[in-house]
Amino acid sequence: MHKDLLSIEDVTRDNINDIIKLSTIIKQKRWTLEEKPLLGKTIALIFAKSSTRTRVSFEVGIKELGGNVIYLDQAKTQLGRGETIEDTAKVLSRYVQGIVIRTYKHEDVVELAQFATIPIINALTDKYHPCQVLADLLTIYEYSEKLDGVKMTFLGDGSCNMPNSLILACKLGGIDLTITAPEEFRPSEEIMNLEIGTGSAKWEIDPIKACEGADYLYTDVWVSMGCEDEAKKRLKILAPYQLNEELMSVASDNVKILHCLPAHRGEEISAGVLDSNNSIVFEQAENRLHAQKALLFLMMAEKHVIDNLLK
Ligand code: CP
Ligand code: NVA
């Protein structure tokens, strides 16, 4: 696997297959797994934004794999006082064996990876959230027993980190993705045009048309971290794209509901849909832990340990 995970562009279809296979083994053997690939290793978590799932699942996952964790609030490091990313990367590379980073500008994470000699994992930027979509692919595989040909519709802000990442993950995984969003929040043409995998991604402005026959309906908050100033405008423009009972009724009979969480009931999703029997959002959240442990295995364990588990 590539040294870093900055976006799904760093991942191959074979990596996806390995992550799904390894996650399944790691999940089954959560309390009995003998392999401790992070023994003696320390991973730094640098977070400039809030987090519940990502921080806790990484901290728990790293410890379950035998490693140590240092959590750093980005603002309280010297980065928050203007030390360069380059110097930070060079210093931290001498102390720790990997960095998980959640910040604003994607370019900052790219720069960190450029100057660090250790693996860098993107734990969310304004552009991408690759760890989330790896867990999403695992969740879809668990329910559909395949990825190829699955139909998924994403509703809401089509231009933020989640749809950006889903476009790449669905294409790589062979999933057919429709993003339904208003003109103001339409998905990035540039990302949709990236040639990666056998799946597809398209934009459909009409939410009813977009949801017809979907196997999975997925949504995310309308006001992403860093967009709080636009909250009023966003809530108004995105209102027709709420994932609610009406839209769920046109999807496939057995449709499953996905949400990366945190959810805002009554905004991007109705309480009835989020809490319905079709909703698998907590299984999806749990899978963050298993998929990230598999990712850490692939990035940091010795090859023979991985091969042994995969065989
Ligand atoms: N889905 C997700 O990344 O959640 P957190 O913001 O709580 O980490
Ligand atoms: N788009 C959301 C995802 C949260 C996990 C945000 O960036 O806030």
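Residues numbered from 1 in each chain as written. Chains lettered and ligands numbered in written order. Predicted model: local features only at pLDDT ≥ 70, side-chain atom pairs only at ≥ 80, totals over all residues. Heavy atoms only, no water.

This part takes up the pattern of salt bridges. Counted under the stated rule, the structure contains 16 salt bridges. One salt bridge connects Arg234 with Asp157, and the closest N-O pair in it is separated by 2.9 Å. Linking Arg234 in helix 9 (residues 231-238) with Asp157 in the loop between strand 5 (151-155) and helix 6 (161-173), this pair joins segments that are 77 residues apart in sequence. Pair check on accessibility: Arg234 and Asp157 agree, each one buried. Taken together, the shared-partner salt bridges connect Arg30, Glu64 and Lys293 into one network. (Salt bridge = Lys/Arg side-chain N within 4 Å of Asp/Glu carboxyl O. Helix = DSSP H or I, 4+ residues; strand = E, 2+ residues; numbered from the N terminus. Buried < 20%, exposed > 50% of the residue type's maximum accessible area, 1.4 Å probe, protein only.)

Read across the sheet, five strands follow the order 7-6-5-8-9 without closing on themselves; strand pairing throughout is parallel. The sheet is open, and its two edges are formed by strand 7 (200-203) and strand 9 (256-259), each paired on a single side. Across the sheet, the mean angle separating the axes of adjacent strands is 20 degrees when strand polarity is ignored. Summarising the sheet, strand 5 and strand 6 (residues 176-180) pair through five bridges and their orientation is parallel. Paired with Leu155 across the bridge in strand 6 is Thr180. In the packing of helix 5 (residues 130-144) onto the sheet, contacts are made with strand 5, strand 8 (216-219) and strand 9, and the angle to strand 8 comes to roughly 160 degrees. Contacts from helix 12 (residues 281-300) reach strand 8 and strand 9, with the element oriented near 50 degrees to strand 9. (Pairing = 2+ DSSP bridges. Axes fitted to C-alpha atoms, helices over the stretch in contact; angles between N-to-C directions. Contact = heavy atoms within 4.5 Å.)

As enumerated under the stated definition, the model contains two aromatic pairs in all. Between Phe47 and Tyr71, the ring centres sit 5.6 Å apart and the planes meet at 45 degrees, which makes this aromatic pair tilted. Note that Phe47 is positioned in strand 1 (residues 42-47) and Tyr71 in strand 2 (residues 68-73), a separation of 24 residues in sequence. Aromatic pair Phe154 and Tyr218: ring centres 5.9 Å apart, planes at 40 degrees, arrangement tilted. Of this pair, Phe154 sits in strand 5 while Tyr218 sits in strand 8, and the two are 64 residues apart along the sequence. (Phe/Tyr/Trp six-rings, centres within 6.5 Å; stacked < 30°, edge-to-face > 60°.)

Moving on to the site of ligand 1. Around ligand 1 sit Ser51, Thr52, Arg53, Thr54, Arg102, His129, Gln132, Cys260, Leu261 and Arg288, and those are all the residues in its vicinity. Between an oxygen atom of ligand 1 and a side-chain N or O atom of Arg53, the distance comes to 2.8 Å. Residues of the shell around ligand 1, tallied by class, amount to two nonpolar, five polar and three charged. (Near = heavy atom within 4 Å. Polar contact = N/O pair within 3.5 Å; in protein donor to acceptor, adjacent residues only side chain to side chain. Nonpolar A, V, L, I, M, F, W, Y, C, P; charged D, E, K, R; others polar.)

Turning next to the site of ligand 2. Around ligand 2, the surrounding shell consists of Leu124, Cys160, Asn161, Asp220, Val221, Ser224, Met225 and Leu261. At 2.6 Å from a nitrogen atom of ligand 2 is found a side-chain nitrogen or oxygen belonging to Asp220. Between a nitrogen atom of ligand 2 and a side-chain N or O atom of Ser224, the distance comes to 2.7 Å. Protein coverage of the free-state accessible area of ligand 2, which is 270 Å², stands at 95%. (Areas by Shrake-Rupley, 256 points an atom, 1.4 Å probe, with all protein chains shown as cover.)

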